[in-house]
Amino acid sequence: RKFYCSGAKQMSMRTLVVLACFGFASTLSPRSSLLCSLDSVIQDGENCLMLPDGSPWPVDRPIRVMYLDKLYTTVNPPAVAKARALGITYSCDNPKLAVSECFEWSNWKGGWVGLFMYSVLTQLGYPIQALTKANFTDASAQAYKGSSSFTRCVWEVKLGNVDLCVGDFWETTERRQLAPMTASIAIDVFSLVSKSTVAPQTSGQFFAAIFMPFDVSVWLLTIAVSVYAAICMWIVESRKDSDMIEPKDFFPRPSGLMKTIYAAIMAYTGGGDCGSYWHPSSWPGRVVMMGFTFFICITVASYTASLTSFLSAADVYIPSPISKLAQATKENKVCM
């Protein structure tokens, strides 16, 4: 049964290797070794490794493996020893410092990823061509302008210059779109903590916070609705037989308008207690009173909830927003 390896769905997961364009044949029965090997191809004619078009992988074609040198993960002990013996700085990634041992695939068996892949490639039996970051091509440099050597290796796979990247890769969206990956083997959790300062708050600023739940436009709207309701009540409840307080002062007397505005303000600040100030006896007056009390109910509830959060939350001031991790690192404002 033929299949191609695919990556997991989380960016924080790490995979073992990035596969280029070859698949494997699998069996449902448990095995202690790989079914797909060069011997099985020669003896049984099985199509173990495949090219993208589905044709068998040529037995004389080497698998181009690029190793991402990383301590405890993918290590080349013989190359380290050779560099130490020569008295030079060890680096399999620098073409000027890389020793010949860097390009022997059988030497890359240090580290938990390197040891595992050494076992896999040994059982495959195909010829292997070992590559490192020293073999990065100009084509990948043109395609990828970033600084990550892991992503650039994936681009080498995408461009067909490499068949297999070996290392512990973070599965990012960009990398998954370029090449298939193996199943995830680890999950890393990242936390970005920004350095901030708490702005000092004066007593005047603290008491001014009672107006912060609503912006200016909302406060103006509240005043306008209250005045409008007062004018409506001043007009519709101007009858002599009205139950309103001091009905003789209502429309068209200006003093009555001032009293209805006063009553509207007191009703609003009292949480909708219109009954203590207005006693409408006409249906138009009752409708005005019902609409105004509903408006008070909605706005007072919203104001109370917002005011609680404003007074309880700390006033934190962040000098400047951080849009990129490189910016945060440069400005020394975060810890990971």
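A few points on the structure. None of these values were measured; they are calculated from a predicted model.

### Quick notes on the overall build of the chain
Next, step 1: Secondary structure summary: the chain contains eleven helices and eleven strands in total.
Next, step 2: For the chain, with 336 residues in total, the buried portion stands at 36%.
Next, step 3: Looking at the chain alone, contacts between residues at least 24 apart form 66% of all its contacts between residues at least 6 apart.
Next, step 4: When the accessible surface of the chain is summed, it comes to about 19,400 Å², and 63% of that surface belongs to carbon and sulfur atoms.

### Overview of the environment of S309
Next, step 1: Residue position: S309 is located in helix 10 (residues 283-312).
Next, step 2: On the basis of relative accessibility, which here comes to 38%, the residue S309 falls in the partly exposed class.
Next, step 3: Counting along the chain gives 96 residues from S309 to P213, while the straight-line C-alpha distance between them is 8.9 Å.

### Let's talk about the nonpolar core
Next, step 1: Ranked by internal contacts, the top residues of the largest apolar core, which has 23 residues, are I63, V65, Y67, M117, L121 and V166.
Next, step 2: When contributions to this core are tallied by element, the ones reaching two or more residues are strand 4 (63-67), helix 3 (112-124), strand 5 (128-131) and strand 6 (164-170).
Next, step 3: No other element matches the five residues that helix 3 contributes to this core.
Next, step 4: Apart from residues no more than four positions distant in its own chain, V65 is found in contact with L121, I128, Q129, A130, L131, L164 and V166.
Next, step 5: Grouped together as the second largest cluster of nonpolar side chains are 15 residues, L131, Y144, C165 and L178 included.

### As for the packing of aromatic side chains
Next, step 1: One pass over the structure, following the stated rule, counts seven aromatic pairs.
Next, step 2: Each ring, one from W219 and one from Y303, has its centre 5.8 Å from the other, and the planes form 70 degrees; the classification is edge-to-face. One end of the pair, W219, is in helix 8 (residues 216-236); the other, Y303, is in helix 10, with 84 residues separating them in the sequence.
Next, step 3: Their ring planes at 35 degrees and their centres at 6.4 Å tell us that Y268 and F295 sit as a pair that is tilted.

### So, the state of the cysteines
Next, step 1: Enumeration according to the criterion identifies two disulfides in this entry.
Next, step 2: Two residues share a disulfide in this structure: C92 and C102, whose sulfurs sit 2.0 Å from each other. Taking the torsion about the sulfur-sulfur bond, which here is approximately -75 degrees, the covalent link between C92 and C102 counts as left-handed. Highlighted residues: C92 in the loop between helix 2 (77-86) and helix 3 and C102 in the loop between helix 2 and helix 3, separated in sequence by ten residues.
Next, step 3: Judged by relative accessible area, C92 falls into the buried class, the value being 0%.
Next, step 4: The side chain of C153 participates in a disulfide bridge whose partner is C165; the two sulfur atoms lie 2.0 Å from each other. On the S-S bond that ties C153 to C165, the torsion sits near -105 degrees, and the link is left-handed. Placement of the pair is C153 in helix 5 (residues 149-158) and C165 in strand 6, with a sequence separation of twelve residues.
Next, step 5: The class for C153 is buried, based on a relative accessible area of 0%.
Next, step 6: When the cysteines of the chain that form disulfides are numbered from the N-terminus onward, they connect as 1-2, 3-4.

### Remarks on helix 8
Because an α-helix completes one turn every 3.6 residues, residues spaced three or four positions apart along the sequence face the same direction.
Next, step 1: With 21 residues, helix 8 should cover 30 Å at 1.5 Å per step; its first-to-last C-alpha distance of 30 Å lies within 8% of that length.
Next, step 2: Among all positions in helix 8, only T222, S226, A229, A230, C232, M233 and W234 are buried.

### Some thoughts on helix 9 (residues 254-269)
Next, step 1: Taking 1.5 Å per residue as the helical rise, helix 9 with its 16 residues ought to reach 22 Å, and the 23 Å between its terminal C-alpha atoms agrees with that figure.
Next, step 2: When we look at burial in helix 9, the residues that qualify are G256, T260, I261, A263, A264, A267 and Y268. When helix 9 is viewed along its axis, its buried side chains cluster within an angular range of 160 degrees and face the same direction. Within helix 9, the exposed residues directed more than 90 degrees away from the buried face are P254, M258 and T269.
Next, step 3: Immediately beyond the C-terminal end of helix 9, within one or two residues, lies G271, with a positive phi of roughly 80 degrees.

### Focus: the side chain of S91
Next, step 1: Along the chain, S91 turns up in the loop between helix 2 and helix 3.
Next, step 2: A polar contact of 3.4 Å, which involves the side chain of S91, links it to the backbone nitrogen of D93.
Next, step 3: Not counting chain neighbours up to four residues away, the residues in contact with S91 comprise L97 and A98.

### Structural notes on the pattern of salt bridges
Next, step 1: Tallied over the entire structure, the rule returns five salt bridges.
Next, step 2: Between D163 and R61 there is a salt bridge; the shortest N-O distance is 3.7 Å. Of this pair, D163 sits in the loop between helix 5 and strand 6 while R61 sits in the loop between helix 1 (38-44) and strand 4, and the two are 102 residues apart along the sequence.
Next, step 3: According to the relative accessible area criterion, R61 is partly exposed, its value standing at 26%.
Next, step 4: D163 is paired through a salt bridge with R64; the nearest N and O atoms lie 2.9 Å apart. Placement of D163 in the loop between helix 5 and strand 6 and of R64 in strand 4 is noted, with a sequence separation of 99 residues between them. R64 shares its class with D163; the two are buried.
Next, step 5: Within this structure, R61, R64 and D163 form a network of salt bridges that share partners.

Criteria and thresholds
Residues numbered from 1 in each chain as written. Predicted model: local features only at pLDDT ≥ 70, side-chain atom pairs only at ≥ 80, totals over all residues. Heavy atoms only, no water. Helix = DSSP H or I, 4+ residues; strand = E, 2+ residues; numbered from the N terminus. Buried < 20%, exposed > 50% of the residue type's maximum accessible area, 1.4 Å probe, protein only. Contact = heavy atoms within 4.5 Å. Areas by Shrake-Rupley, 256 points an atom, 1.4 Å probe, with all protein chains shown as cover. Core = buried A, V, L, I, M, F, W, Y, C linked by side-chain atoms within 4.5 Å. Phe/Tyr/Trp six-rings, centres within 6.5 Å; stacked < 30°, edge-to-face > 60°. Disulfide = S-S within 2.5 Å. Expected span 1.5 Å × (residues − 1). Arc of directions from axis to C-beta. Polar contact = N/O pair within 3.5 Å; in protein donor to acceptor, adjacent residues only side chain to side chain. Salt bridge = Lys/Arg side-chain N within 4 Å of Asp/Glu carboxyl O.

Coordinates in, geometry out; function isn't part of it.
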